[in-house]
Amino acid sequence: ASAHANGIVPMVDVVLNHRAAVKMSPNSSWWTEFEGPDWGEWAIVANDWKCHPEEHLKVCPDNCTCGAADTGENACYAADIDHTNPRIQADVIEWLRWL
């Protein structure tokens, strides 16, 4: 409220297409476990690719339980999130309301 009283309009730049994980997966040896909200490999798109020199490797190999196909461009430095998943959609909406 005090920001508005002083003529300041708060803004935020939210990036929702990819996310950095906090724990490594036992399946892929890659960072695929998230916290706050808690998401696992199921939250990552199935066709997400790593960066050079590992660009031939998927973030979620075939032995993982990844989500649907990517609907955007690959961000190879962080896991691309499956925004077609209803739980992810609900979690993002909840987080935006909190924000």
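The rules behind each value
- Residues numbered from 1 in each chain as written.
- Predicted model: local features only at pLDDT ≥ 70, side-chain atom pairs only at ≥ 80, totals over all residues.
- Heavy atoms only, no water.
- Helix = DSSP H or I, 4+ residues; strand = E, 2+ residues; numbered from the N terminus.
- Rg over C-alpha atoms; globule rule 2.2 N^0.38 Å.
- Buried < 20%, exposed > 50% of the residue type's maximum accessible area, 1.4 Å probe, protein only.
- Contact = heavy atoms within 4.5 Å.
- Areas by Shrake-Rupley, 256 points an atom, 1.4 Å probe, with all protein chains shown as cover.
- Lys, Arg positive; Asp, Glu negative; His and termini not counted.
- Charge placed at Lys NZ, Arg CZ, Asp CG, Glu CD.
- Polar contact = N/O pair within 3.5 Å; in protein donor to acceptor, adjacent residues only side chain to side chain.
- Core = buried A, V, L, I, M, F, W, Y, C linked by side-chain atoms within 4.5 Å.
- Salt bridge = Lys/Arg side-chain N within 4 Å of Asp/Glu carboxyl O.
- Phe/Tyr/Trp six-rings, centres within 6.5 Å; stacked < 30°, edge-to-face > 60°.
- Lys NZ or Arg CZ within 6 Å of the ring centre and 35° of its normal.
- pLDDT = per-residue confidence, 0-100.

## Things to note about the overall build of the protein
Secondary structure assignment for the protein yields two helices and four strands. When the helices and strands of the protein are placed in sequence order, the string is α-β-β-β-β-α. For the protein, the C-alpha radius of gyration of 16 Å lies well beyond 13 Å, the compact-globule estimate for 99 residues. For the protein, the spread of C-alpha atoms along the three principal axes comes to 55 × 30 × 25 Å. In the protein, which comprises 99 residues, the proportion classed as buried is 30%. Taking as baseline every contact in the protein between residues at least 6 positions apart, the subset at least 24 positions apart corresponds to 47%. Within the structure as shown, the protein displays about 6600 Å² of accessible surface, and the carbon and sulfur contribution to it stands at 57%. Computed over 6 positive and 15 negative side-chain charges, the separation of the two mean positions in the protein equals 5 Å.

## Re the side chain of His 18
Assignment of secondary structure puts His 18 in strand S1 (residues 18-19). Only 3.0 Å separates the side chain of His 18 from the side chain of Asn 17, close enough to count as a polar contact. Ignoring anything within four residues of it in the chain, the contact list for His 18 reads Ala 75, Tyr 77, Ala 78, Ala 79, Asp 80 and Ile 81.

## What to know about the nonpolar core
With 14 residues, the main nonpolar core has Phe 34, Trp 39, Ile 44, Cys 60, Ile 81 and Ile 88 as its most contacted residues. Beyond its immediate stretch of four places on either side in the chain, Cys 60 contacts Glu 41, Ile 44, Val 45, Ala 46, Asp 48 and Cys 66.

## Some points on the pattern of salt bridges
Taken as a whole, this structure holds two salt bridges when the rule is applied. Linking Lys 23 and Glu 35 is a salt bridge whose minimum nitrogen-to-oxygen distance equals 3.3 Å. In this pair, Lys 23 is assigned in strand S2 (residues 23-24) and Glu 35 in the loop between strand S3 (31-33) and strand S4 (79-80), connecting sequence segments twelve residues apart. With its nearest N and O atoms 3.6 Å apart, the salt bridge here joins Arg 87 to Asp 91. In this pair, Arg 87 and Asp 91 both sit in helix H2 (residues 86-98), four residues apart, roughly one turn of the helix.

## Comments concerning the packing of aromatic side chains
Summed over the entire model, instances satisfying the criterion amount to two aromatic pairs. Seen from their ring centres, Phe 34 and Trp 39 are 6.3 Å apart, and the 75 degrees between their planes marks the pair as edge-to-face. The structure contains a cluster of three or more aromatic residues connected by ring pairs, namely Phe 34, Trp 39 and Trp 42. A cation over an aromatic ring shows up here: Arg 19 above the ring of Trp 39, its NZ or CZ 4.8 Å from the ring centre.

## Some thoughts on the confidence of the model for the protein
Here the protein averages 84 in pLDDT, and 96% of its residues register 70 or above. When pLDDT is averaged over each element of the protein, H2 comes out on top at 92 and S3 at the bottom at 81.

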